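# A look at the structure
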Amino acid sequence: GVERVRRAGLSERVEIRLQDYREISEQPFDAVSSIEMGEHVGQENYGVYAAQLHRMLRPHGRLLLQQMSRGSVGSNTAPGGGAFMEAYVAPDMYMRPLGETLGFLEQAGHEVVDVHSLREHYVWTVRPWLETLQAHRDTAVRMIGEEQWRIWLLYLAGAALAFEENRMGVHQI
């Protein structure tokens, strides 16, 4: 990302960071994006997270927040995605229903102007990831070991099905 910004001649206008939201002291910013991190801050910290995102923005600044969600009723009400995901994939994950996320954001002072579901797109996205992991088994096993490779096969297969059946979602806000 940083190299692409430099090659495009935008280094004076664009800064890309990988940094913990709690450690950001410079502000305000014209725009902030947080991609699939909000589900990892925990339920008890989400209000703090939403407030920090608001503090980091100039008045009329833009926030792009993308995160996984779950339904409030039905077969998947497990905030962590179920026992397998909670034990082997993302023990810190806490997916909330979209409405709860919007409530946190509004309480922190954000104006929600657009919400877009990417759930259907993730069905099409996760399946090729699974196929690629299977096609490159030897390389993956060398990098992460047989056990982790199998865990990720199960996770991606299950995630594709969960997205397809609307038990798990991804939203851009």
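Above this note sits the structure.
Residues numbered from 1 in each chain as written. Predicted model: local features only at pLDDT ≥ 70, side-chain atom pairs only at ≥ 80, totals over all residues. Heavy atoms only, no water.

Here we take up helix 6 (residues 137-164). An ideal rise of 1.5 Å per residue puts 40 Å on 28 residues; helix 6 reaches only 25 Å between its terminal C-alpha atoms. A bend of about 110 degrees at Ile 144 is the largest found in helix 6. Taken as a whole, helix 6 has its buried residues at Ala 140, Trp 149, Ile 151, Leu 153, Tyr 155, Leu 156, Ala 159, Ala 160, Ala 162 and Phe 163. On its buried face, helix 6 sits against strand 2 (57-70), helix 3 (83-89), helix 5 (119-135) and strand 4 (168-172). Just past helix 6, the residue Asn 166 takes up positive phi, approximately 60 degrees. (Helix = DSSP H or I, 4+ residues; strand = E, 2+ residues; numbered from the N terminus. Expected span 1.5 Å × (residues − 1). Bend = angle between axes of the 7 residues up to and from the residue. Buried < 20%, exposed > 50% of the residue type's maximum accessible area, 1.4 Å probe, protein only. Contact = heavy atoms within 4.5 Å.)

Turning to the packing of aromatic side chains, a few remarks are in order. Under the counting rule described, the total for this entry stands at seven aromatic pairs. When the ring of Trp 152 is compared with that of Tyr 155, the centres are 5.1 Å apart and the planes differ by 85 degrees; the resulting orientation is edge-to-face. Highlighted residues: Trp 152 and Tyr 155, both in helix 6, separated by three residues, approximately one helical turn. You can call Trp 152 partly exposed: its relative accessible area is 31%. Ring-pair connections join several aromatic residues into one group, and the members of that group are Tyr 21, Tyr 46, Tyr 49 and Phe 104. (Phe/Tyr/Trp six-rings, centres within 6.5 Å; stacked < 30°, edge-to-face > 60°.)

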